[in-house]
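Structural features, examined
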Amino acid sequence: MSITGPLPASPLSASPLPPVPNAADGEPDRRTAGLTIGVDVGGTKVAAGVVDGAGTVLAALRRPTPGHSSVEVANTIADVVAELSAAYDVWAVGIGAAGWIDADRSRVIFAPNLAWRNEPLRDEVRDRVGLPVVVENDANATAWAEYRFGAGRGRRDLVCLTVGTGIGSGIVVGGELFRGAFGIGAETGHMRMVPGGHLCGCGNHGCWEQYASGRALVRLARQLAADDPAAATVMLAASGGDIDGLTGPDVTEAARKGDPAALRCLTEVGHWLGEGMASLAAVLDPDRYVIGGGVSDAGELLLGPARDRFAETMPGHGHRPMAEVVIAELGNQAGLVGAADLARI
Ligand SMILES: [Zn+2]
């Protein structure tokens, strides 16, 4: 397979990034030429795929994330790139990494769940694979994919929230990915919602993701089951009666059956989600929130309460346009699709 256009300028020097239209606006040639590889590096798995300019994944594979060695992680990324590029003619690699990335899209400044500390990941992978490489925050890559090809198509200003164990977030403003001056903006999960609240992995107390996440859902459900086991019978049946074994999917499954206790837990998490979205609206005024991640499997059982609280707590509510709140469309491939697309700019 050949490259279908002139090779774009090296992405390595592409900072600051120009505004890029999404698919609904029509595509400049540069955006669609040839194939790139996206690699999504999380705490447990490395997922990679060959992606075309329309966001279609032509081939994908995954590996476990190797232990605590940054060298082994770089080797694993190089291995998956080599395997995919043996079958496809690719010209660049985008890495979405679970960590803080510098403004040059080259170094992982810090990664809470991986061994990276000021790691020059871009150069390490580029030296191994011989292709241009960019590194992005994984939640930013996910937001970019939803903006370009998913639930954010046709919008210019959106917030994408990946509600999993914590909150991953990415922000698109005026068709540009918002990174902040140092590359580590858009970490909305660490907005302080409750002074003196639950301890967060970032070292602070009371961050949003401690209240609007899978971790919060499980904490609520276990607390409820411990306080009143009779009220939690349906949820506990899903976990075999083990309070400490209760998981987020157990709560969602029970809520889908109409279990009042599970619905209460999801409603509370949804309310916290909506509360934070209202605060973000005060700053960003987006026209759409895209909600993904494992907790979003609950669909309207989560989004309904989120929308309600969002509407109630929005500054000037009742006197301004309301943003839409929708479920993400691209699932767990969004990270690699977005990383592959960001390698093009
Ligand atoms: Zn935090």
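A brief look at the structure comes next. Bear in mind that the values here come from a model prediction, so they are computed numbers and not experimental data.

1. As for helix α3 (residues 121-129)
By the burial criterion, the buried members of α3 are L121, R122, E124, V125 and V129. What you see down the axis of α3 is that its buried residues fit within an arc of 170 degrees, all on one side. Close packing links the buried residues of α3 with α2 (70-87), β4 (90-97), β6 (108-110), β7 (117-119) and β8 (133-137). Directly beyond the C-terminal end of α3, a positive phi value near 70 degrees is found at G130.

2. Describing the environment of A212
Within the secondary structure, A212 is located in the loop between β11 (176-177) and α5 (214-227). Overall, the relative accessible area of 0% leaves A212 in the buried class. Filtering out sequence-adjacent residues up to four positions away, A212 remains in contact with V163, I167, V269, W272 and L273.

3. Some words on the nonpolar core
Grouped together as the largest cluster of nonpolar side chains are 42 residues, with contacts concentrated most on L161, M235, L273, Y289 and I291. For this core, the elements supplying multiple residues, two or more each, are β9 (158-163), β10 (167-173), α5, α6 (233-238), α7 (248-256), α8 (260-284), β12 (288-292) and α9 (300-313). The leading source of residues in this core is α8, at 10 residues. Discounting residues that sit within four places of it in the chain, M235 has contacts with A221, L224, L246, D250, V251, A254, D259, A261 and A262. Membership of the second largest hydrophobic core comes to 30 residues, among which are V39, A78, V80 and W116.

About the thresholds
Residues numbered from 1 in each chain as written. Predicted model: local features only at pLDDT ≥ 70, side-chain atom pairs only at ≥ 80, totals over all residues. Heavy atoms only, no water. Buried < 20%, exposed > 50% of the residue type's maximum accessible area, 1.4 Å probe, protein only. Helix = DSSP H or I, 4+ residues; strand = E, 2+ residues; numbered from the N terminus. Arc of directions from axis to C-beta. Contact = heavy atoms within 4.5 Å. Core = buried A, V, L, I, M, F, W, Y, C linked by side-chain atoms within 4.5 Å.

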